[in-house]
Amino acid sequence: MRALALDFGAARTGVAVSDATGTLARPVCVVERAGSEAGLDRVASLVAEHAAEVVVVGLPLTLRGERGEQARATEVFVDALRRRLDVPVETEDERFTTTLAQQTGGRAPEDALAAAHLLQGWLERTR
């Protein structure tokens, strides 16, 4: 199953996609202001372009596992995606994905690397 992951941020949202077998995740790009109408259109375009069968959005829980202000903003974004897309939209705990992205390095934008770490964890958990 091909999946697309989003590391949502009000300004920048990292995007990653899995291979067709649902085994490996790779960073793709960053969408600016993904919660705006234009941003939602761009996400929908990426879902179609990559033939994603599911979208996974990182949910930024606190270290104690609670929903803070960022998590609530992400849930608003997830609701907008669910209304816009014809594929399931799931959330996944994204704690530590940004730290992992910072340690990874490479040429891909940090937000997209964080989305790839998020997606890789989801792929491994759902196998």
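Basis of the calculations
- Residues numbered from 1 in each chain as written.
- Predicted model: local features only at pLDDT ≥ 70, side-chain atom pairs only at ≥ 80, totals over all residues.
- Heavy atoms only, no water.
- Helix = DSSP H or I, 4+ residues; strand = E, 2+ residues; numbered from the N terminus.
- Expected span 1.5 Å × (residues − 1).
- Buried < 20%, exposed > 50% of the residue type's maximum accessible area, 1.4 Å probe, protein only.
- Arc of directions from axis to C-beta.
- Contact = heavy atoms within 4.5 Å.
- Pairing = 2+ DSSP bridges.
- Axes fitted to C-alpha atoms, helices over the stretch in contact; angles between N-to-C directions.
- Right-handed = clockwise from strand over helix to strand, strands pointing away.
- Phe/Tyr/Trp six-rings, centres within 6.5 Å; stacked < 30°, edge-to-face > 60°.

**Q** Got a minute to help me understand helix 1 (residues 37-49) in this structure?
**A** An α-helical turn contains 3.6 residues, so any two residues separated by three or four positions project in the same direction. Here helix 1 contains 13 residues, and its C-alpha end-to-end distance of 18 Å stays within 8% of the 18 Å for a straight helix at 1.5 Å per residue. For helix 1, the full list of buried residues reads Gly39, Leu40, Val43, Leu46 and Val47. Down the axis, helix 1 shows its buried residues gathered within 120° of arc, on one side only. Residues of helix 1 that are exposed and point more than 90 degrees away from the buried face comprise Glu37, Ala38, Ala48 and Glu49. Residues of helix 1 that are buried make contact with strand 1 (3-7), strand 2 (12-18), strand 3 (25-32), strand 4 (54-59) and helix 2 (69-84). Where helix 1 terminates, the next one or two residues include Ala51, which has phi positive at roughly 50°.

**Q** Even after reading the chapter, I still don't get helix 4 (residues 110-126), so can you show me in this structure?
**A** If you check helix 4, its first and last C-alpha atoms are 24 Å apart, about what 17 residues at 1.5 Å a residue would give, namely 24 Å. Asp111, Ala112, Leu113, Ala114, Ala115, Ala116, Leu118, Leu119, Gln120, Trp122 and Leu123 are the residues of helix 4 that are buried.

**Q** So what exactly am I meant to see when it comes to the sheet that holds strand 3 here?
**A** Within a sheet, adjacent strands bond to each other through the backbone by hydrogen bonds, running parallel or antiparallel. Taken in spatial order, the five strands line up as 3-2-1-4-5 in an open sheet, and their pairing is mixed. Looking along the sheet, the strands with just one partner apiece sit at the ends: strand 3 and strand 5 (89-93). Neighbour-to-neighbour, the strand axes of the sheet open up by a mean angle of 25°, direction not taken into account. Sheet topology note: the strand 2/strand 3 ladder contains seven bridges and is antiparallel. Bridge assignment links Val15 to a residue of strand 3, and that residue is Cys29. Sitting on the sheet, helix 1 touches strand 1, strand 2, strand 3 and strand 4, and the angle it makes with strand 3 is about 155°.

**Q** Honestly, the pairing of strand 5 in this entry has me stumped. Any pointers?
**A** Looking along a regular strand, one sees side chains alternate from face to face of the sheet. Relative to strand 5, strand 4 runs parallel, the two being bridged by five bridges. Bridge assignment links Val56 to a residue of strand 5, and that residue is Glu90. Assessed by its sense of winding, the connection that carries the chain from strand 4 through helix 2 to strand 5 is right-handed.

**Q** Looking at this structure, how should I read the packing of aromatic side chains?
**A** Ring pairs (aromatic) are described by centroid distance and by the angle formed between their planes. In the structure shown here, the tally under the stated rule is one aromatic pair. With centroids separated by 4.2 Å and ring planes inclined at 15°, the aromatic side chains of Phe8 and Phe77 adopt a geometry described as stacked. Here the residue Phe8 occupies a position in the loop between strand 1 and strand 2, and Phe77 occupies one in helix 2, the gap between them amounting to 69 residues. The pair formed by Phe8 and Phe77 is uniform in burial state, with each residue classed as buried.

**Q** Could you clarify how one ought to interpret the environment of Leu81 in this entry?
**A** Considering the arrangement of structural elements, one finds Leu81 in helix 2. What makes Leu81 buried here is its relative accessible area of 0%. A C-alpha to C-alpha distance of 16 Å links Leu81 and His50, two positions 31 residues apart in sequence. Beyond its immediate chain neighbours, meaning those up to four positions away, Leu81 contacts Leu6, Leu40, Val43, Val55, Val57 and Val89.

**Q** Before we go on, may I ask you to explain unusual backbone geometry in this structure?
**A** A negative phi holds for most residues other than glycine; trans holds for most peptide bonds. Backbone geometry places Arg33, a non-glycine residue, at a positive phi of 45°. By secondary structure assignment, the location of Arg33 is in the loop between strand 3 and helix 1. Backbone geometry at Ala51 places phi at a positive 50°, although glycine is not the residue there. By secondary structure assignment, the location of Ala51 is in the loop between helix 1 and strand 4.

Any functional reading would require information that these geometric values do not contain.
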